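A look at the structure
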Amino acid sequence: MLEIEGITTRYGSISALRDVSLTVGSGEVVGLIGPNGAGKTTLLGSISGLLKPSTGTVRVEGVDVTGMSPDGMLRAGVALVPEHRRIFTDLSVVENLKIGGVTVSASDRSALIDEMVELFPVLKEKWNTSAGFLSGGEAQQLAIARALMSKPRLLMMDEPSLGLAPILVDVVFDLIRELRDQGKTLLVVEQNATRMLGISDRAYVLRSGAVVAEGSGAELLAREDLFDTFVGN
Ligand code: ATP
C-alpha cells in the first residue's frame, strides 16, 4: 500500500530524516516509535505532503506520489490525524465531519456520517456543539472521525493518546484495535510505545532521524536493548 524508500527531509541545513525506508501493507497496523525529536512527525509530514523530502520516493499502491500536495495525498487515499488534533474549533461537530468528507461523493458522505455516529457515539451527543467545547478525548475522537470521512486507504495518526487522561488513552487504543479489526490500514506514531507495540502487526523504531530497528510488535517488545528508546512506557 505505502512504500517509502530512502527519504531524507531537511529543515534548512538540518537533516531531520536520513535515508528512511518503510512499508505499510494493506490491512496492516504499523507502529512508529522513538524518543522526542527522533523525526516521527517529520516522517508523517513527508508522507502526507506537508513537507517535501529532498531525496527518496513515496509510493502509494505503486504510484510515485513524492512531493504531492496534502490535498493530492488526501485524494490519493492518505489521511493524517495531526498531533494536537487540529479540529475547527469554531465549527460544530457535524460541520467538522462534513469538511472531512469534501473529497467523497454526497452519498458516500452521508453513509460515512452514519458510520461515524456508530463508531463514536459520544459525537452524536455533541452533534451541534462547537468543537471548541469538546473535552480532549472527544476532540481526539472527532479528529480521527474527520480523517475517516475522507474514506482513506491509509490512515496516519500522530500521537493520538498524547495529553489524554488514562481512561481516554484506553478509549484511543480500543479504537485503534477496532479499526484494525475492520481491516483498516494504519500507521500510528505513539509515545506510549509498549502499548502500541502490543497492537501493531509491525513497527519501526526511529532515533535521530534514522530507522534503528524494525520487526513485529512482539519482536520489538522483546528487544531489551531498545528499551531506552521506548520513551513513554
Ligand atoms: P516528538 O515526539 O517530540 O514530537 P518527533 O520524533 O516527532 O518528536 P520531529 O518533530 O519530527 O520529531 O523533529 C525531528 C527533528 O527536527 C528535531 O530535532 C526537531 O528539533 C527538528 N525540527 C522539527 N520541526 C522543525 C522545524 N520546523 N524547523 C527546524 N527544525 C525542526
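What this report covers is the structure whose coordinates are included nearby.

Criteria and thresholds
- Residues numbered from 1 in each chain as written.
- Predicted model: local features only at pLDDT ≥ 70, side-chain atom pairs only at ≥ 80, totals over all residues.
- Heavy atoms only, no water.
- Salt bridge = Lys/Arg side-chain N within 4 Å of Asp/Glu carboxyl O.
- Helix = DSSP H or I, 4+ residues; strand = E, 2+ residues; numbered from the N terminus.
- Buried < 20%, exposed > 50% of the residue type's maximum accessible area, 1.4 Å probe, protein only.
- Pairing = 2+ DSSP bridges.
- Contact = heavy atoms within 4.5 Å.
- Axes fitted to C-alpha atoms, helices over the stretch in contact; angles between N-to-C directions.

This part takes up the pattern of salt bridges. Scanning the entire structure with this criterion turns up nine salt bridges. Arginine 195 is the partner of aspartate 170 in a salt bridge, and the nearest nitrogen-oxygen pair spans 3.0 Å. Remark: arginine 195 occurs in helix α8 (residues 193-199) and aspartate 170 occurs in helix α7 (residues 166-181); sequence separation between them is 25 residues. Its relative accessible area of 33% is what places aspartate 170 among the partly exposed residues. Aspartate 174 serves as the salt-bridge partner of arginine 177, at 3.1 Å between the closest nitrogen and oxygen.

Taken in spatial order, the four strands make up an open sheet running β2-β1-β4-β5, and their pairing is antiparallel. Both outer strands of the open sheet, β2 (14-24) and β5 (63-64), are each paired with one neighbouring strand and no more. Of the strand pairs in this sheet, strand β1 (residues 2-11) and β2 are connected by seven bridges, and their pairing is antiparallel. Considered in β2, the bridge of threonine 9 is made with leucine 17. Sitting on the sheet, helix α1 (residues 40-48) is in contact with β1, β2 and β4 (55-60), with an inclination near 65° to β2.

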